[in-house]
Every structure is written in structure tokens, then in C-alpha cells.
Amino acid sequence: MTTELVLGTCHHDCPDSCGWVVTVEDGRAVKMRGNPDHPYSRGELCPKVNRFLERVYHPERVLHPLIRTGVKGAGEFRQTSWDEALDLVATRLREVIAEHGGEAILPWSDAGTQGLLQMSFLDNHFFAHLGASRQTDSLCGATARAGLAATYGDGRSADPMDVRFAELVILWGTNTRLTNRHLWPFVEQARARGARVVVIDPIRTITAGSADWFIQPLPGTDVALMLGLMHVLIRNDLIDHEYVAEHSVGYEQLAARAAEWSPERAAEVCGLDPAEIETLATLYGSTSRSFIRTLIGAEHHENGAMFFRTLACLPVLTGAWRHRGGGLSRSVGTLSEAAIDMTLAEADDDGRRALSMNRLGETLTSPEIGVHALFVWNGNPVVSVPNAAAIRRGLARDDLFTVVSEQFVTDTARYADVVFPATTQIEQLDMVPAWGHLYLGWNHPAIAPLGEAVPNTELWRRLARAMGIEDPVFDLDDGSLLVRSLPGIDIEELKRSGFVRLDLPEEFLPYAEGGFATDDGKAHLYSEALAGTGRDPLPSHVPAREGPGSEASRRFPLVLLTPKTHTRFLNSSYSKHHADRESGPYFEIDPADAAARGIEEGDRVRVHNDRGALELPARLSDRLRPGLAAIPWGWWGEEANANVLTNDTASDWGGAVAFYDTLVEAVKTG
Ligand SMILES: Nc1nc2c(c(=O)[nH]1)N[C@H]1C(S)=C(S)[C@@H](COP(=O)(O)OP(=O)(O)OC[C@H]3O[C@@H](n4cnc5c(=O)[nH]c(N)nc54)[C@H](O)[C@@H]3O)O[C@H]1N2
Ligand SMILES: Nc1nc2c(c(=O)[nH]1)N[C@H]1C(S)=C(S)[C@@H](COP(=O)(O)OP(=O)(O)OC[C@H]3O[C@@H](n4cnc5c(=O)[nH]c(N)nc54)[C@H](O)[C@@H]3O)O[C@H]1N2
Ligand code: SF4
Ligand SMILES: [Mo]
């Protein structure tokens, strides 16, 4: 028997990008553990990925190409050969191009894998050759990044691991213990040295339950809270005037705006006590090593970019950026990206039209937009994109040809005309650039691909050949693509240890001396650039159009949040296979709202709005507050998918979408 230990890196869309070790016996993976040498994940994986090998060898894995035999959505297929599947796709694509033009073809993909090669690389060339439409916008991160960039010029962040040096940790709109679990030990290190941990979230999450202080604003009101904090910081002169004078512009204008936001006014908007705002501002302004951690949650609002743009002003005002353990950390993805040369992945866009990935339902149901062929890989849009019922209607169209590359027959794949079998991370080569720490991770394939599954790169090569596309980029193998894209990286070390740190100083303080990425190198407390696009150049609280007090709220008075809730789900991945290990789905409602509707624990409840309806058991919860409801997101199936209800309005700028500005009503049915 031969036994081998193979190093890899988790590919999931998760800030932790953990290192792992796979034990392979005679070509079969028998054990998978965290890599104990990985400086950030330190030998631990998570309740999702601890059972990854079950996923790899799952009897329901798609291991051969499939062709649809039943009606769209039924998930009935017959197994076929690669040749037949490729021929069918090539024939249909040629027909679509001849009849409707290349732009009638639409690619849709997300971050099912975050690997450099397998996320998005050769697909760019394939679709460029077809003259296909391009995908634009983002389900995750782009609005947060654009918001930070409005103040800083780019989305650069502090090293998350530096939270261990903080004296005050504010976890703002992020559920660290669930979504970013390997950061928590570093937060605990800070706490062991006396730091206070504050959580700001509309829901009393498990992270809030572990905090020293939990502040519970109404969703979508944080900008008012931040303006209230600024009001107190300025009034009590807790400002680092030297830092502000040297490294920012617009302090006077911002101070005038903040003057309008007394703690009383802010508290009223946020549903808080003014004393909470006074105390938090005093604590924040009197602590130099104050570390704000945020991820994605707050981006999923109409005013999502404004949240991040405003948040970015806080550590400038107090000069927290000067100190290790101070500042703000959202994603370090831009730092990883800077280490990668993406030239080989880029294809000419030739002015091809771009369609929003967030509005897939509208795109597929609109005859004017006219999409006739859809490719989906690395994502499950029926479950992950808002306004899901519209997507199902679009996918059910007879005159739409849908191709999905997947490991499983997801809710989306059930509508495919052709499903191609995709390898899992332990069957493919890649390099994972992290967004939650400063280490690039290598991923050696540990086992040969199961069945006839192929990495995404190989799928695009085969499709290019089937379409007669000639382009030398398709002749390069995965190893060559990686080596050429990582010019300054010690690849031998990456392969040997599984990770290398980005070439940054050990004490990485991005803005200690200013040096913001704006044209003048300063933080823009007042932004001419925003003014130039017709937006408010200063932080401003704008209530959501679909929010409390709006016209819609008369019919649908409850705000519905649908965040990540289960430790064993990663977005919609695992939700089918770990379903029996998580409780749910359910409708979480505050006892006061339940009483007003005659709803008791366990009652069947119809949750609805104009977009759709779900029938779920009620769970009376002390995690919420009156007016606020929640459904855990990620479950498959029309009866369970929270995105049947969610709002697909675009955020203020940046291209994400307002999932969390969703209003519903709930009626007891049984
Ligand atoms: N277990 C698990 N881990 C995951 C994932 C998963 O599905 N499961 N998904 C991964 C992915 S793709 C991502 S992007 C990250 C996301 O990581 P997070 O951003 O931490 O996760 P979210 O659940 O999107 O949102 C975090 C919190 O934001 C709160 N929130 C919503 N609206 C507001 C608001 O207006 N103000 C404030 N202050 N808070 C608000 C929600 O109540 C929620 O508790 O997690 C990753 N990690
Ligand atoms: N209501 C609500 N909706 C949300 C969110 C929320 O918090 N609430 N979160 C949003 C966020 S932050 C995100 S990031 C998105 C995530 O949404 P998606 O990116 O759609 O995430 P998943 O549903 O996990 O789908 C990933 C799919 O990729 C497949 N996959 C994995 N690896 C590979 C591979 O190597 N090759 C191929 N071909 N396929 C692969 C997996 O099998 C899986 O089915 O959802 C968004 N939607
Ligand atoms: S999903 Fe996240 S926490 Fe789990 S192993 Fe992967 S990177 Fe680590
Ligand atoms: Mo995400």
C-alpha cells in the first residue's frame, strides 16, 4: 500500500482559505485535516469541510456528462459521452449565434471555487471568441470594496491577524464565529490582553452572544449610527487633528454634517439608546488600537456602499491607522491580487454588452434582452440570487439552452440541457489567493479526477476545441498558467509548504503615514468624485426604499434578514448533504410580532411579499427585535429558498444587491 500526504488549500468562498493535508492511500483520499503549519488556520478546518471527503465520494456526485430527458426543472437526465455532449453544445451554440448573434449567449459564474485558475480564467477567452455577453456586478464584495474606495481610493485593509494587538475590537455587521471562524482565536488573544469586544448587528448572532457588549441597531441604519459617533468624537475633541490635517481632505464639511447628527437623533433612527452612542464614541475615541472588522453583511442593502464609505472615515478621524491593531479590516483581496499577473486571463471585451449577474431573473425573462444560451459554473443562482422565482421562470423557457458545470445536480442544474461533471478541489491544481489573511495557498491535486469529471480549465479547452476556436492560450496546461501568472512568487516554497506570505512587511500598516490610493494620496472625508457622479459627497443616511416607513411597509411590515446562519452550510453548498445535521429552514420572528399575529412556536406560517411566498414553521426568537424577522439562507428547494422573497434592487454603487432590504408579512396557516 502506498500512503501519501498531499497539501492543499480550501477553495470555498470564505475569508479563511485554510491550509489542509489529504492522506491518500492507493489513490483514494482517506483523511483530510487542517495543515498544522498554516499560520492562520493552524490545523483546523470547519464543520463544513471536516466532512469534505463525504462530498468528494458522495453517491450523488455528477461524474459523467448528462443530457436532459425530462422537463426543465425535473432534474431528469441520461448519462452520455463527452463527445456527444460537446457536439450538442457546439451545435446549439452555432445555431444561437447564427440566429441571434453571439451576445445571446450569457456566462454566469460566482466563487464556488476561489482558485485563480478554476474560478475564472480560460472562460474569458472562450466567451470572447463567441462574442458572448459579459457578466457584470457581484453577489459579494464589490459594493463593500467600492464603498471603501470612495474614501481611501482602493479597498486595502489592515491585516486581519493584527486584531490580536487591538485594545478595542468592533465586529461590525459580521458574524465572525460563524463566517470567519479562524479569526476568532486572534480576537480572543486580544481579549486575553484586556481588549473589549463589541458586536454591532441587528441580530443577536452567536458572535454577539460571545461579545462584551452587543449593540443592536435596526438594519440599514448604521450610517446614522456612524454619524452620531462622529458627532460625539468631534464634540468631545477625540480627533487626531494631526493625522486628519496631514492625511485627509474635507474634515470641515464632514464635521458640519456630523453636527446635524446628535446622539439623540441617531439613536432614534437606529432604534438605540443615545447613551450607547455616547459610550461607544468615547471608548472608540479614547483607544488608539481600535480595530474595526467587517465583511459583507452590511453591503447587502440599498445603501451598502455608503456604509463602507462612512465606516472608513472613523479610523481616519481618530488616527487609529497609525497603530498596529488599529484601523479597519474588510478584505485583503486587493493585496493578493497585486501579487498576481492576470494578463493571461484577460480577453478583449470588444465592447460586448454586460448583463448584471444579480438580475438573472429579469435577464432570462425579458424578450428584449434576448438571452438564448446560458452557461453556469461555480454557482447555484436559483438559490443564491435574489428574486429566485423569476430565475426559475427564465430557466424553464423552452427556447433557452442551458449548460451547467457542477459536482452535484443543484437546483440550478436541474434546469440544464447539458450538465458537465466538475472535479472537486482535491482533484484539481490551483492557487488560492486569500481575502481574509496574507497567505497565498497552493493546492496540489491529491487524487485523480473521479469518473469523467474535469477541472473548469479543461472544460473550456474542450469546448474551445469543439467550437473550432484556435488560440494558443488553450494549449497551456494548468501548471504553466499558474507559473506565468505568479511572476514574483517563490513557487517552489508554495509547493513545498502549501503557503507563502505576501511580500509585505511583518508589521503591515497600510495607512500609518497616509498614502491613500486616491489621486492626492489623502482620505476623502468629503469626496469630489462622489459629487461628480451625482451622489452625496458626504456620509448620508438614506432610508431603504423597501424599508420601514416606506409605502410597501404598509402591506409588508416586517423587515426580513436572510444571512448565513448554519455552521455546516457554505452558501448553498452542503445544504442538501448536511440538511439532516442542521435544524431548519424556519421563520424566526420576535415574540411581540408573533403574538400580534396569533403565531406560536412551531405553527406553520406563510411568509410572503409581491415576489413570492414560503411556508415554514415559526420559531419565536430572542435574537431579533420587534419589526425584524429572519430565515436562514442556503437551503435548496422551492419551499425552502429564502431568495424567493428577497429584493434584487442594486445597491447605491458597486454592483451588489439589496438582499437584506426585504419586507414581508407573515400569516399563520396551521
Ligand atoms: N458557516 C458559513 N460561513 C460562511 C459562509 C456561509 O454560508 N456559512 N459564507 C461565506 C461568504 S460567501 C461570505 S461573503 C462571508 C460573509 O460573512 P459575514 O459578512 O460575516 O456574513 P453575513 O451573514 O452575510 O452578514 C453578517 C451579519 O451582518 C448582519 N447585518 C445585516 N444587515 C446589517 C446592517 O444593516 N447593519 C449591521 N451592522 N449588520 C447587518 C447580519 O445580521 C449578519 O449577522 O461568510 C463566509 N463564511
Ligand atoms: N439571501 C441571501 N442570499 C445570498 C447571501 C446571503 O447571505 N443571503 N449571500 C450571497 C453571497 S455573500 C454569496 S458569495 C453568494 C454565493 O452563491 P454561490 O456562489 O452560488 O454559492 P453556492 O450556492 O455555494 O454555489 C457554489 C457552487 O459551485 C460548485 N463548485 C464548487 N467548486 C467548483 C468547481 O471547481 N467547478 C465547478 N464547475 N463548480 C464548482 C458547488 O458545487 C456549488 O454548487 O450567495 C449570495 N446570496
Ligand atoms: S470553508 Fe472556510 S473555514 Fe471551512 S475549511 Fe474552507 S476556508 Fe476554512
Ligand atoms: Mo460571499
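See the structure shown above.
Residues numbered from 1 in each chain as written. Chains lettered and ligands numbered in written order. Predicted model: local features only at pLDDT ≥ 70, side-chain atom pairs only at ≥ 80, totals over all residues. Heavy atoms only, no water.

A. View of the overall build of the protein. Across its full length, the protein carries 24 helices and 27 strands. The C-alpha radius of gyration computed for the protein amounts to 25 Å, which stays within 12% of the reference 26 Å derived for 670 residues, consistent with globular compactness. The C-alpha extent of the protein, read off along each of the three principal axes, is 70 × 60 × 50 Å. Across the 670 residues in the protein, those meeting the buried criterion constitute 63%. Long-range contacts, defined as pairs at least 24 residues apart, comprise 76% of the intrachain contacts of the protein with a sequence gap of at least 6. Looking at charge distribution, the protein has the averaged site of its 63 positive side-chain charges lying 4 Å from that of its 92 negative ones. (Helix = DSSP H or I, 4+ residues; strand = E, 2+ residues; numbered from the N terminus. Rg over C-alpha atoms; globule rule 2.2 N^0.38 Å. Buried < 20%, exposed > 50% of the residue type's maximum accessible area, 1.4 Å probe, protein only. Contact = heavy atoms within 4.5 Å. Lys, Arg positive; Asp, Glu negative; His and termini not counted. Charge placed at Lys NZ, Arg CZ, Asp CG, Glu CD.)

B. How the structure looks around the sheet that holds strand β8 (residues 168–172). Within the open sheet, the five strands sit side by side as β10-β9-β8-β12-β13. Their pairing is parallel. Each edge of the open sheet is held by one strand with a lone partner, namely β10 (213–215) and β13 (327–329). Recorded for the sheet is a direction-independent mean angle of 20 degrees between the axes of neighbouring strands. Direction of pairing for strand β9 (residues 196–200) relative to β10: parallel, over a ladder of three bridges. (Pairing = 2+ DSSP bridges. Axes fitted to C-alpha atoms, helices over the stretch in contact; angles between N-to-C directions.)

C. Geometry of the site of ligand 3. Contacts to ligand 3 come from C10, H12, C14, D16, S17, C18, L45, C46, K48, V49 and H182. Residues of the shell around ligand 3, tallied by class, amount to six nonpolar, three polar and two charged. (Near = heavy atom within 4 Å. Nonpolar A, V, L, I, M, F, W, Y, C, P; charged D, E, K, R; others polar.)

D. Up close: the sheet that holds strand β20 (residues 499–501). The three strands are arranged β18-β19-β20 in an open sheet whose pairing can be described as antiparallel. In the strand order of this sheet, the two ends are held by β18 (430–433) and β20, each with one partner. Between one strand axis and the next, the sheet turns by 20 degrees as a mean value, whatever way the strands run. Note: β18 against strand β19 (residues 439–443), four bridges, orientation antiparallel. When the bridges of β19 are listed, D430 appears paired with N443.

E. Fine view of the environment of L438. Within the secondary structure, L438 sits in the loop between β18 and β19. A residue is classified by how much of its surface remains accessible, and L438, at 1% relative accessible area, is buried.

F. Structural view of the pairing of strand β12 (residues 290–293). Alternating positions in β12 separate into two faces, S290 and I292 on one and F291 and R293 on the other, with burial throughout. The sheet contact formed by β8 and β12 spans four bridges and is parallel. Looking across to β12, one finds that I170 is bridged to I292. Sheet topology note: the β12/β13 ladder contains three bridges and is parallel.

G. Summary view of the packing of aromatic side chains. What the rule picks out here adds up to 21 aromatic pairs. With a centroid separation of 5.2 Å and 75 degrees between ring planes, the pair formed by F127 and F375 is classed as edge-to-face. Placement of F127 in helix α4 (residues 122–130) and of F375 in strand β15 (residues 373–377) is noted, with a sequence separation of 248 residues between them. In this structure, F127 and F375 share a single accessibility class: buried. Joined through ring pairs, the aromatic side chains of F126, F127, F375, W377 and W460 make up one cluster. Cation over ring: R55 sits above Y574, and NZ or CZ is 4.8 Å from the ring centre. (Phe/Tyr/Trp six-rings, centres within 6.5 Å; stacked < 30°, edge-to-face > 60°. Lys NZ or Arg CZ within 6 Å of the ring centre and 35° of its normal.)

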